[in-house]
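Per-entry structural report
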Amino acid sequence: MSRPHAALRVAAAVELGSLAVLLANLATVHLPPVSSLVGPLHGCAYLIVVVAAARDPGCDPIGKALAWLPAIGGLLVLRRLTRTPRDNAASDSLR
């Protein structure tokens, strides 16, 4: 049994969590080892979100553009991918 968008879900969570750690470190004691460990992790998670969104066949051009937003892009793409067709029709009727 395969979970859809599993890599995107994990990468989006890691990206947001690592950004929170980086900002907390910056606001408090600013330990260089924390920055040197979590910074590349955050960057890799960000790149994985962008690539996973680009490779997902169900992701439309707006979703692919949303993936480029730092920190929340992955979550926005996941939200867009998991909307039901009924939700899509309702949002289209509001336009």
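This write-up is about the structure you can find in this document. (Residues numbered from 1 in each chain as written. Predicted model: local features only at pLDDT ≥ 70, side-chain atom pairs only at ≥ 80, totals over all residues. Heavy atoms only, no water.)

1. Brief notes about the environment of G74
Within the fold, G74 resides in helix α4 (residues 73-81). On the basis of relative accessibility, which here comes to 0%, the residue G74 falls in the buried class. Along the chain, G74 and L8 lie 66 residues apart, while their C-alpha atoms are 6.9 Å from each other. Setting aside residues up to four positions removed in sequence, G74 forms contacts with A12, E15 and V49. (Helix = DSSP H or I, 4+ residues; strand = E, 2+ residues; numbered from the N terminus. Buried < 20%, exposed > 50% of the residue type's maximum accessible area, 1.4 Å probe, protein only. Contact = heavy atoms within 4.5 Å.)

2. So, unusual backbone geometry
With phi around 50°, H30 is a residue other than glycine that occupies positive phi space. Mapping H30 onto the fold places it in the loop between α1 (6-27) and α2 (32-55). At A71, a residue that is not glycine, the phi angle is positive and equals roughly 75°. Here A71 shows up in the loop between α3 (61-66) and α4.

Taken by themselves, the reported measurements are silent on function.
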